[in-house]
Amino acid sequence: MERAVIPVAAARPGHVGDGLPAVVGAGLKVPLVTGEWVPYAGLDHAASTPSLVAVRDAVDELLPWYSGVHRGTGFVSQVATRVYERARQEVRRFTAAPPDATVVFTRNTTDALNLLGRCLPEPTAVFRFSTEHHAALLAWRGHRVHRLATPDTPAEAPAVLAKALADAPGGPKLVVITGASNVTGELWPVAELAEVAAARGARTVLDAAQLAGHRPLDLAGWGVDWAALSGHKMYAPFGAGALVGAVDWPAAADPYLAGGGATAAVAEQDDRTAVTWSALPHRHEGGSPNLVGAHAMAVAGRSLAGAGWPAVTRHEEELTTRLREGLARIPGVRVLSLWPGGHPRLGVVAFSVGRCGGEPADQRLVATALSAEYGIGLRDGAFCAHPAVRALLRDADGHQPDRALRASVGLGSTAEHVDRLLAALADLVRDGPRWRYGHPDEGWRPVPDPRPAPVLVR
Ligand SMILES: Cc1ncc(COP(=O)(O)O)c(C=O)c1O
């Protein structure tokens, strides 16, 4: 078959300015309650990143070739199958996993961690810190979970883990490592934790959801057994994620989803159905694969690596410093951190606002006003990491608010977005909202809300 028919998006233009990959939707205008339209300041990359232009173009190029993967003899179907299998190789390369690592495409990180959770030998002792995202906290139901105390510094994390592993009984063990906190952006010492785990016979899984689009991954170098990642957090929002890593436990487990693709043979015999399950990775990819999502992830990975991680990192670090320094100047704003001092972090900054127009601030109202009056999108709440956020918000008097705000930057963010957020927060702290808001039980809405709904949602 001709190789040339398969689109190669990274070879196309799509990079702007200082070599950073361009994103779809840059400059998109959104309405304010005042009737003005302003460029959207999307400061919520930790939740989902916009698509890269290169990814959108690659998807456009792929769509005429869209067809069933592993399910057809037609030329187009065979091209689709090759694109899908090539995406698998590219995701393996993107994560720098060992050559024999399996890559199972999933829906997202949650799905990938739950898949691994279903592959653990019974019973496995799972070790994890309490600061993780719910996906990494909860995917291990049915196994014995050991909660590790949050260390005082990242450098102390390996010792906390070593002690817990030393005290643990024999049997299979899994250590859950989060690459970067989705609350504070702080980086965990992945290689050091993996080394401690390996030395004590424990396996490791890296929750790379936040890390993947922002820093290079190095599974083999770090000695991590598995990584879970999401395309929509690495500029490829087409519904795919992946579990990448060691073959043994996933190969020995029953399929995650029983059905077509996961089965090599099925026969009805007397009163039973005899099934021969497929080998990896198909064993855990029951149902029709997400060709577009897998291809999008591969192209995003190639584009990010092609742009050069130093350029991506520099852009994020400049914006993060601007954001953190600006927040520190606003009265009553408290930035949340797991650890004191200047540890390495991604561009994810959670904070709470003390007062808004002289009243105790309602974080959700602040977030609503930032959107309605300033065209700024960020996140409020506890960011699917309730234990971590509650612990970080607890104050010296024992008060425990359960909501914070989170701004997160990435390739779709600019200095103007950050400056607009800082100016808007300063206004809100000093004067409060300029519009009226109601329905606090539903999380606040402008009253009235004259913003027209885009055609998409009409
Ligand atoms: C650190 C971390 N882990 C896991 C997840 C879950 O990712 P997804 O929602 O793509 O499954 C997230 C999502 O915010 C995250 O930030």
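Residues numbered from 1 in each chain as written. Predicted model: local features only at pLDDT ≥ 70, side-chain atom pairs only at ≥ 80, totals over all residues. Heavy atoms only, no water.

1. A closer look at the site of the ligand
Working step 1: Neighbouring residues of the ligand: Asn108, Thr109, Thr110, His133, Asn182, Asp207, Ala209, Gln210, Ser230, His232 and Lys233.
Working step 2: In the environment of the ligand, an oxygen atom lies 2.6 Å from a nitrogen or oxygen atom belonging to the side chain of Gln210.
Working step 3: A distance of 2.6 Å separates an oxygen atom of the ligand from a polar side-chain atom of His232.
Working step 4: Coverage of the ligand by the protein amounts to 89% of the 390 Å² it exposes when considered alone.
Working step 5: By residue class, the composition of the shell around the ligand is one nonpolar, eight polar and two charged. (Near = heavy atom within 4 Å. Polar contact = N/O pair within 3.5 Å; in protein donor to acceptor, adjacent residues only side chain to side chain. Areas by Shrake-Rupley, 256 points an atom, 1.4 Å probe, with all protein chains shown as cover. Nonpolar A, V, L, I, M, F, W, Y, C, P; charged D, E, K, R; others polar.)

2. Concerning the nonpolar core
Working step 1: The biggest cluster of nonpolar side chains holds 86 residues, and the ones touching the most others in it are Phe105, Phe127, Leu161 and Met297.
Working step 2: For this core, the element with the highest residue contribution is helix H9 (residues 291-307), accounting for nine residues.
Working step 3: Shared between two domains, this core takes at least three residues from each, and those domains are domain 1 (7-51 + 308-457) and domain 2 (56-306).
Working step 4: Excluding residues that lie within four positions of it along the chain, Met297 makes contacts with Val91, Phe105, Leu229, Ser230, Gly231, Met234, Ala236, Ala240, Gly241 and Ala242.
Working step 5: Ranked by size, the runner-up nonpolar core spans 34 residues in total, among them Leu370, Leu378, Val409 and Leu421. (Core = buried A, V, L, I, M, F, W, Y, C linked by side-chain atoms within 4.5 Å. Buried < 20%, exposed > 50% of the residue type's maximum accessible area, 1.4 Å probe, protein only. Helix = DSSP H or I, 4+ residues; strand = E, 2+ residues; numbered from the N terminus. Domains from an automatic or database assignment. Contact = heavy atoms within 4.5 Å.)

3. What about the domain arrangement of the protein?
One frequently used descriptor of interface size is the decrease in accessible area upon assembly of the parts.
Working step 1: As assigned here, the protein comprises domain 1 (7-51 + 308-457) and domain 2 (56-306).
Working step 2: Domain 1 and domain 2 are separated by 29 Å when their C-alpha centres are compared.
Working step 3: Taken together, the contact pairs 47 residues of domain 1 with 47 residues of domain 2.
Working step 4: Both faces combined, the contact of domain 1 with domain 2 buries some 4,000 Å², and carbon together with sulfur accounts for 60% of it.
Working step 5: In this structure, Arg215 engages Glu316 in a salt bridge whose closest nitrogen and oxygen atoms are separated by 3.6 Å.
Working step 6: Our count for the domain 1 to domain 2 interface comes out at 26 residue pairs in polar contact (both at pLDDT 80 or more).
Working step 7: Broken down by class, the residue content of the side of domain 1 that touches domain 2 amounts to 31 nonpolar, 11 polar and five charged. (Buried area = accessible area lost by both parts, 1.4 Å probe. Salt bridge = Lys/Arg side-chain N within 4 Å of Asp/Glu carboxyl O.)

4. A word on the pattern of salt bridges
Working step 1: Under the criterion given, the structure shown has 22 salt bridges.
Working step 2: With a shortest N-O distance of 3.0 Å, Asp248 and Arg203 are connected by a salt bridge. One end of the pair, Asp248, is in helix H8 (residues 248-252); the other, Arg203, is in strand S10 (residues 203-207), and 45 residues separate them in sequence.
Working step 3: The exposure class of Arg203 is buried, given its relative accessible area of 16%.
Working step 4: Through salt bridges with shared partners, a single ionic network connects Glu85, Arg88 and Glu285.

5. A few points about helix H1 (residues 53-62)
Working step 1: Among the 10 residues that make up H1, seven are buried, leaving the element largely enclosed by the rest of the structure.
Working step 2: Restricting attention to buried positions, one finds in H1 the residues Val53, Ala54, Val55, Asp57, Ala58, Val59 and Leu62.
Working step 3: Of the surrounding elements, those touching the buried residues of H1 are helix H2 (75-94) and H9.

6. Description of the sheet that holds strand S12 (residues 241-245)
Working step 1: One open sheet holds the seven strands; their spatial order is S6-S12-S11-S10-S9-S7-S8, and the pairing between them is mixed. In this open sheet, the two edge strands, each paired with only one partner strand, are strand S6 (102-106) and strand S8 (144-148). Mean inter-strand twist for the sheet, computed between neighbouring axes without regard to direction, equals 20°.
Working step 2: Bridge count between strand S9 (residues 173-178) and S10: five bridges; the pairing is parallel. Along S10, the bridge assignment pairs Thr178 with Asp207.
Working step 3: Packed onto the sheet, helix H3 (residues 109-119) meets S6, S9, S10, strand S11 (226-230) and S12 and runs at close to 150° relative to S11. (Pairing = 2+ DSSP bridges. Axes fitted to C-alpha atoms, helices over the stretch in contact; angles between N-to-C directions.)

7. Points about the sheet that holds strand S16 (residues 348-353)
Working step 1: Read from one edge of the open sheet, four strands run S15-S16-S21-S20, paired in antiparallel fashion. Each edge of the open sheet carries a strand with a single partner, namely strand S15 (333-335) and strand S20 (379-381). The mean angle between the axes of side-by-side strands here comes to 30°, regardless of whether they run parallel or antiparallel.
Working step 2: Direction of pairing for S20 relative to strand S21 (residues 404-408): antiparallel, over a ladder of three bridges. From the neighbouring strand, Gly381 faces S21, where its bridge partner is Ala404.

8. Focus: the packing of H2 against H9
Working step 1: The N-to-C vectors of H2 and H9 enclose an angle of 40°; their axes lie 8 Å apart at closest approach. Between H2 and H9, the crossing angle belongs to the class labelled oblique. Taken as a pair, H2 and H9 cross one another with a handedness that is left-handed. Two secondary-structure elements touch here, H2 through Ala80, Val83, Tyr84, Arg86, Ala87, Glu90, Val91 and Phe94 and H9 through Leu291, Ala294, His295, Met297, Ala298, Gly301 and Arg302.
Working step 2: Of the residues belonging to the contact of H2 with H9, the class tally is 10 nonpolar, two polar and three charged. (Parallel < 35°, antiparallel > 145°, perpendicular 65-115°, else oblique. Left-handed = near helix turned anticlockwise from the far one by under 90°.)

9. A look at the pairing of S9
Working step 1: For S9, the tally of buried residues reaches six of six residues, placing the bulk of the element in the interior.
Working step 2: The alternating pattern of S9 places Lys173, Val175 and Ile177 and Leu174, Val176 and Thr178 on opposite faces, both of which are buried.
Working step 3: Pairing of strand S7 (residues 125-129) with S9, which is carried by three bridges, proceeds in the parallel orientation. The residue of S9 that forms the bridge with Ala125 is Lys173.
Working step 4: Handedness of the crossover joining S9 and S10 through helix H6 (residues 190-199): right-handed. (Right-handed = clockwise from strand over helix to strand, strands pointing away.)

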